[in-house]
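Spelled out, the chains give:
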Amino acid sequence: MAKQKTALDLHGLYEASVQNVDTDLDFAKRIYLKHFKQKPRTLREDFCGTAKLACNWVARNKQHEAWGIDFHQPTLNWGIKYNVAELSAEQAQRLHLVCGDVLNSQTPKVDLALALNFSFCVFKQRDMLKQYFKAVAKSLNPKGLFVMDIYGGTESVTAKNDDVREIPGFTTPEGIKISDFNYIWEQAEYNPINHHTTCHIHFKVPGHGSINKAFTYDWRLWTLPEIQEILIEAGFSKAEVYLHDFDDEGESDEIFRLRKTYENVQGWVAYVVGVK
Ligand SMILES: C[S@@+](CC[C@H](N)C(=O)[O-])C[C@H]1O[C@@H](n2cnc3c(N)ncnc32)[C@H](O)[C@@H]1O
């Protein structure tokens, strides 16, 4: 059982449950093309963790180059061992991992900056979030786009709320077979006075048991109007919100459209885009 609690297993389960880098990159590329009538070439993945998205970017096209920034070296090391290892030597040369704080890490100017899975919510003070958005604006080319995501809806402001999803199994690089397993998103605390929230990710893997509090997040749940306003204050010329519809089973249809109005259903995930 203890073996299942190694960092290797947790990051693998996290990537399988949470990340959909193809959807993210297809979206970012589509919106970049829409605004600038050309394809993006360079990308910065903030809060990159295991750098799955940055690795995917350099693997997509020989012209692509990516920088991934995270201040947690052990997580970057996991990404180097399992994600960068999947790249050819030529692809890996176009990927640069930086162990540093997204607030002040220096990278060459890029076309696209992405901050996904709500990671910017670590900044709980307005001034800090603005400082971060200014750092992103500075890191972008004049034709530059910043893409982040945020969740909301009536259930996002309800404490003691659990969302359980069944995730398809997979085989780890070590050859350990993980059968279909449960990913549990627990919203443990939510304070309406300051929107601070504590959330946990738990996993239940058949044959391997439960991994409680595999990941914990202490965040401020920022609202869409706050994010848009702070983007403009930080120097972006435009802030846009893209939201999905729902399929017959009530799941996101993963088709993100520019919205000015939206029904505040139980749960949604939006892309927020800052245009340089
Ligand atoms: C929710 S994970 C995101 C992982 C992955 N990029 C994704 O989209 O799912 C957040 C990551 O942000 C990193 N992080 C948090 N604050 C940071 C900061 N100020 N600068 C750099 N990395 C930070 C953590 O080490 C962690 O790996």
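Provided above is the structure to which this section pertains.
The structure displayed is predicted, hence computed values, not measured ones.

Caption draft 1: Representation of the site of the ligand. If you check the shell around the ligand, you find 16 residues, and the closest are Tyr-14, Phe-47, Asp-70, Val-102 and Asn-117. In the model, a nitrogen atom of the ligand is placed 2.7 Å from a nitrogen or oxygen of the Phe-47 main chain. Taking 600 Å² as the accessible area of the ligand by itself, protein coverage stands at 88%. A molecule is said to occupy a pocket when more than half its atoms come within 2 Å of that pocket's grid points, and by this definition the ligand occupies the second largest pocket. Of the residues belonging to the shell around the ligand, the class tally is 7 nonpolar, 6 polar and 3 charged.

Caption draft 2: Just the pairing of strand β12 (residues 238-243), in detail. Counting buried positions over the 6 residues of β12 gives 5, a clear majority of the element. Where β12 and strand β14 (residues 268-275) come together, 5 bridges link them in antiparallel fashion. By the bridge assignment, Val-241 is partnered in β14 with Val-272. Across 2 bridges, β12 lies against strand β13 (residues 257-258) in antiparallel orientation. Bridging across to β13, Leu-243 finds its partner in Arg-257.

Caption draft 3: Structural view of the side chain of Asp-149. Topologically, Asp-149 is positioned in strand β5 (residues 140-152). The side chain of Asp-149 is buried and forms no salt bridge, while Arg-165, the nearest opposite charge, is found at 11 Å. Within the structure, Asp-149 has its side chain in polar contact with the backbone nitrogen of Phe-118 (distance 2.9 Å).

Caption draft 4: A look at the sheet that holds β13. The sheet built from 8 strands is open, its strands ordered β3-β2-β1-β4-β5-β14-β12-β13 with mixed pairing. Edge positions in the open sheet fall to β3 (95-99) and β13, since each of these has one partner strand only. Bridge analysis of strand β1 (residues 42-46) against strand β2 (residues 65-70) gives 5 bridges, and the strand direction is parallel. Within β2, the residue paired with Leu-43 across the bridge is Ala-66. Running over the sheet, helix α2 (residues 21-36) touches β1, β4 (110-115), β5, β12, β13 and β14 and is turned about 135 degrees from β5.

Caption draft 5: Spotlight on the side chain of Thr-107. Topologically, Thr-107 is positioned in the loop between β3 and β4. Within the local environment of Thr-107, its side chain forms a polar contact with the side chain of Arg-44, the two groups lying 3.1 Å apart. In this view, Thr-107 contacts Arg-44, Trp-67, Ile-69, Val-98 and Ser-139; residues no more than four positions away in its chain are not counted.

Caption draft 6: Summary view of the environment of Ser-88. Inspection of the secondary structure assignment puts Ser-88 in the loop between α4 (73-82) and α5 (89-93). Distance from Ser-88 to Ala-59, taken between C-alpha atoms, is 8.4 Å for residues 29 residues apart in sequence.

Caption draft 7: Structural detail: the sheet that holds strand β6 (residues 161-167). Strand order in the open sheet formed by 4 strands is β6-β9-β10-β11, and the pairing between neighbours is antiparallel. Single-partner strands in this sheet number two, and they are β6 and β11 (209-220). Adjacent strand axes in the sheet meet at a mean angle of 20 degrees, parallel and antiparallel pairs treated alike.

Caption draft 8: Just a negative patch on the surface, in detail. A cluster of acidic side chains, namely Glu-155, Asp-162, Asp-163, Asp-247, Asp-248, Glu-249 and Glu-251, defines a negative patch on the protein surface. Structurally, Glu-155 is set in the loop between β5 and β6.

Caption draft 9: Examining the nonpolar core more closely. Among the nonpolar cores identified, the biggest contains 53 residues, and Tyr-132, Phe-133, Phe-146, Ile-150 and Phe-203 are the most heavily contacted of them. Residues from two domains meet in this core; each of domain 1 (2-152 + 222-275) and domain 2 (154-220) gives at least three. In contact with Phe-133, other than residues within four places in its own chain, are Phe-146, Met-148, Ile-227, Ile-230, Leu-231, Ala-234 and Phe-236. Counting residues in hydrophobic clusters, the runner-up holds 30 residues, among them Leu-53, Val-84, Leu-87 and Leu-114.

Scoring rules and cut-offs
Residues numbered from 1 in each chain as written. Predicted model: local features only at pLDDT ≥ 70, side-chain atom pairs only at ≥ 80, totals over all residues. Heavy atoms only, no water. Near = heavy atom within 4 Å. Polar contact = N/O pair within 3.5 Å; in protein donor to acceptor, adjacent residues only side chain to side chain. Areas by Shrake-Rupley, 256 points an atom, 1.4 Å probe, with all protein chains shown as cover. 1 Å grid on protein atoms, 1.4 Å probe; cavity = no way out; pocket = protein on both sides within 12 Å on 5 of 7 lines; lining within 4 Å. Sits in = over half its atoms within 2 Å of the grid points. Nonpolar A, V, L, I, M, F, W, Y, C, P; charged D, E, K, R; others polar. Buried < 20%, exposed > 50% of the residue type's maximum accessible area, 1.4 Å probe, protein only. Helix = DSSP H or I, 4+ residues; strand = E, 2+ residues; numbered from the N terminus. Pairing = 2+ DSSP bridges. Lys, Arg positive; Asp, Glu negative; His and termini not counted. Salt bridge = Lys/Arg side-chain N within 4 Å of Asp/Glu carboxyl O. Contact = heavy atoms within 4.5 Å. Axes fitted to C-alpha atoms, helices over the stretch in contact; angles between N-to-C directions. Patch = residues over 30% accessible without salt bridge, like charges linked within 9 Å, V, L, I, M, F, W, Y side chains within 5 Å. Charge placed at Lys NZ, Arg CZ, Asp CG, Glu CD. Core = buried A, V, L, I, M, F, W, Y, C linked by side-chain atoms within 4.5 Å. Domains from an automatic or database assignment.

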